[in-house]
Amino acid sequence: MIQELFHVSYDSAKRDLRILEEKGLLKRTHGGALPIRQIATGRPAKMTCKDILSVKENYKAIALKAVSMIENNDVIFITSATVGYLMVQNLPNDIKIRVVTNSIVLAEELRTRDNISVIMLGGEMDNKGNCYDAIAIETIKRLRFDKCFITSACISAEFGLSIQRTGAISFWNALIDSSKKTIGLFPTEKIGYESIVSICPANRLTSLITDWDACEEDLQKFDEQGIEVVVVDKEIL
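Residues numbered from 1 in each chain as written. Predicted model: local features only at pLDDT ≥ 70, side-chain atom pairs only at ≥ 80, totals over all residues. Heavy atoms only, no water.

## A look at the sheet that holds strand β8 (residues 160-163)
- An order of β7-β8-β10 is seen for the three strands of this open sheet, with the pairing classed as antiparallel. Edge positions in the sheet fall to β7 (154-156) and β10 (197-200), since each has one partner strand and no second. Adjacent strand axes in the sheet meet at a mean angle of 35° when their direction is disregarded.
- Pairing of β8 with β10 involves three bridges; the strand directions are antiparallel. (Pairing = 2+ DSSP bridges. Helix = DSSP H or I, 4+ residues; strand = E, 2+ residues; numbered from the N terminus. Axes fitted to C-alpha atoms, helices over the stretch in contact; angles between N-to-C directions.)

## A few points about the packing of aromatic side chains
- Overall, the coordinates contain six aromatic pairs when judged by the stated rule.
- On the basis of an interplanar angle of 80° and a centroid distance of 6.2 Å, the ring pair of F77 and W172 is categorised as edge-to-face. Of the two residues, F77 is situated in strand β3 (residues 75-78) and W172 in helix α8 (residues 169-177); the sequence distance between them amounts to 95 residues.
- A relative accessible area of 0% means that F77 is categorised as buried.
- Taking 5.0 Å as the distance between ring centres and 80° as the angle between the ring planes, the aromatic pair formed by Y132 and F171 counts as edge-to-face. (Phe/Tyr/Trp six-rings, centres within 6.5 Å; stacked < 30°, edge-to-face > 60°. Buried < 20%, exposed > 50% of the residue type's maximum accessible area, 1.4 Å probe, protein only.)

Listed below in C-alpha cells is the structure:
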C-alpha cells in the first residue's frame, strides 16, 4: 500500500518507516504503521445499527473469534465496549449460556434471547449505562465465570492494561479474580500504548485476541509473559 501510494521501493518504505518510528512519530505494525496515540478512548453510550456498520473490520473479526471460544453452558462476562457489543450481536443460537453484564445496553440486546440467561450487575449507573461501583463489585465476588472477555484503552507488556480514570480499577480486578479464563480483546490500535492508569499486569490475561496488523515485536513480548496470543485473519469475516 505505501509503496503504491508514494511510488517507492519496499526497502525505501521500510527505511522511512523505521526513521519515523525512531523519531516517535508513528508505530510500525505488521501491515504498515499507526500514528502515535491513535488509540480507542472508551465505549459508546449507545450503539446503533449505523454505528455497527461503520466499525472497523478488525473489531468485528476479534469479536467473532471471541464468540467462537464460547462453549455450551458457559458463564461469561462480556465487556460493554464496542468489541463486546459486536460479540453480543453475533452470539450463537444453538447453545445455552449465561451472560453477566454491567451494561444496560448489552442487557437490552440480550433480554429476548431464549438460549441466553442474563445476570445484570447493579449499582449506580454512569451516563453510559454501566455500573462499576461497590455494589457491582460485591456481586462479582459472589460469581464465578468460565470466561471473561474484557478490553481497556490500551495494553503494553510493560504497563499492562490501562485506562484513563481510576474509578473502574477495582471492578476489572474483581472480574479477573472471579474468572477461570480472562480473554483480552485488543485491536491493533490499542496495543503497545499506555494510558494514564494501570489496571493490572498484562500477564493476568489468559489469552489476548488481536488482528492481522498487530506489531510482531509487541506480540512477542506478550508471548514471553505466558499469554496465549491469538491473531485473527480477515478470512474470519
